[in-house]
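Fold and geometry: a report
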Amino acid sequence: MTNKSNQSTIQIIAGRFKGTRLAMPTNSLTRPSKSILKESLFNTLTNDIWGSCFVEAFGGIGSIGLEALSRGAKKAIFFEQNKQAFSILTQNIKLIKAKDPNICIQSFCGDTFALLSPSLFTPQDRAIIYLDPPFDIRQNHTDIYERCFCLLTRLKIPWHLVVFEHSSAYKMPENISHLSIIRQKKFGKSTLSYYTPYQTIKENNA
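All values derive from a computational prediction rather than experimental measurement. (Residues numbered from 1 in each chain as written. Predicted model: local features only at pLDDT ≥ 70, side-chain atom pairs only at ≥ 80, totals over all residues. Heavy atoms only, no water.)

Topic: the overall build of the protein chain
Heads up, the condition is: Runs of H or I in DSSP of at least four residues are treated as helices and runs of E of at least two as strands, each being numbered from the N terminus. Burial status follows relative accessibility: with a 1.4 Å probe on protein chains alone, a residue under 20% of its type maximum counts as buried, one over 50% as exposed, and anything between as partly exposed. Contacts are assigned to residue pairs with any non-hydrogen atoms lying within 4.5 Å of each other. The protein chains shown are the only cover counted for residues, whose accessible areas, like all others here, come from Shrake-Rupley with a 1.4 Å probe.
Broken down by element type, the protein chain carries 7 helices and 10 strands. Here the protein chain, with 206 residues, has 50% of them falling under the buried criterion. Put simply, 58% of the contacts in the protein chain that link residues at least 6 apart link residues at least 24 apart. Carbon and sulfur atoms form 50% of the exposed surface of the protein chain, whose accessible area is close to 10400 Å².

This is the structure:
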């Protein structure tokens, strides 16, 4: 799938920006989520995405966070360390802002582990974070997941939901700090794991 400039693209699947073609790198800088995985993610988040503050912790080209905005998130925050990928992310953000100049988007070029901070959120934000950390498939990628767990434990941000896209070969913990796993779905080599605060589970079971 290519646009007129022969650059690879990926479409926003649904919502008010449906059909918008987002630019993709021509090399393997990022690993865009498969369409079937992305569709399942947003089908699961249907009742939670509207009005949320959506964080794509390892932004890549921004396809997940921009899809969230299309489907009703009120704000999106992106982090991307690779400068070339961040340039493409910025290009895709401009496409969305051209359609809605008032849409709320923040993007940071740098290390998620250093830049993600509670100061980015207000008490009113219903924050959802999506973590698809990059890893070298030729090496053991346990460390990158453990760094994510430590980040969630250290920051103590009152997340509404935490979603990991991770290798299906990796066994995710039942609990991470104040969060507990509530759902998993496998898509071949990738799996989505969903976590929510203990208090939310208690309230839902009350």
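So that's the structure; there's more coming.
Description of helix H3 (residues 63-70)
Most of H3 is tucked away: 8 of the 8 residues are buried. Among the residues making up H3, those that are buried are Ser63, Ile64, Gly65, Leu66, Glu67, Ala68, Leu69 and Ser70.

Side note on the nonpolar core
Defined as follows: Take the buried Ala, Val, Leu, Ile, Met, Phe, Trp, Tyr and Cys residues and link them wherever side-chain atoms come within 4.5 Å; each set so joined is a nonpolar core.
In this structure, Leu41, Ile49, Phe54, Leu66, Ile105, Tyr130 and Leu192 are the most contacted members of the largest nonpolar core, which totals 34 residues. Secondary-structure elements contributing two or more residues to this core are strand S2 (21-23), helix H1 (35-44), H3, strand S4 (75-80), helix H4 (83-99), strand S6 (127-131), strand S7 (161-167) and strand S10 (190-197). Filtering out sequence-adjacent residues up to four positions away, isoleucine 49 remains in contact with Phe42, Phe54, Ala68, Arg71, Gly72, Ala73 and Ile128.

Quick look at unusual backbone geometry
Phi is positive for lysine 156, which is not a glycine, with a value near 55 degrees. Relative to the helices and strands, lysine 156 resides in the loop between helix H6 (142-155) and S7. At serine 177, a residue that is not glycine, the phi angle is positive and equals roughly 55 degrees. Mapped onto the secondary structure, serine 177 falls in the loop between strand S8 (175-176) and strand S9 (179-187).

Things to note about the pairing of S6
For clarity, the cut-off: Following DSSP output, two strands are said to pair if at least two bridges run between them.
Burial runs high along S6: 5 of the 5 residues are buried. A two-sided burial pattern is seen for S6, the buried positions comprising Ala127, Ile129 and Leu131 on one face and Ile128 and Tyr130 on the other. Pairing between strand S3 (residues 53-56) and S6: 4 bridges, direction parallel. Residue pairing for S6: cysteine 53 is matched across the bridge by alanine 127. With 4 bridges joining them, S6 and S7 adopt parallel strand pairing. Of the residues in S7, the one forming a bridge with isoleucine 128 is leucine 161.

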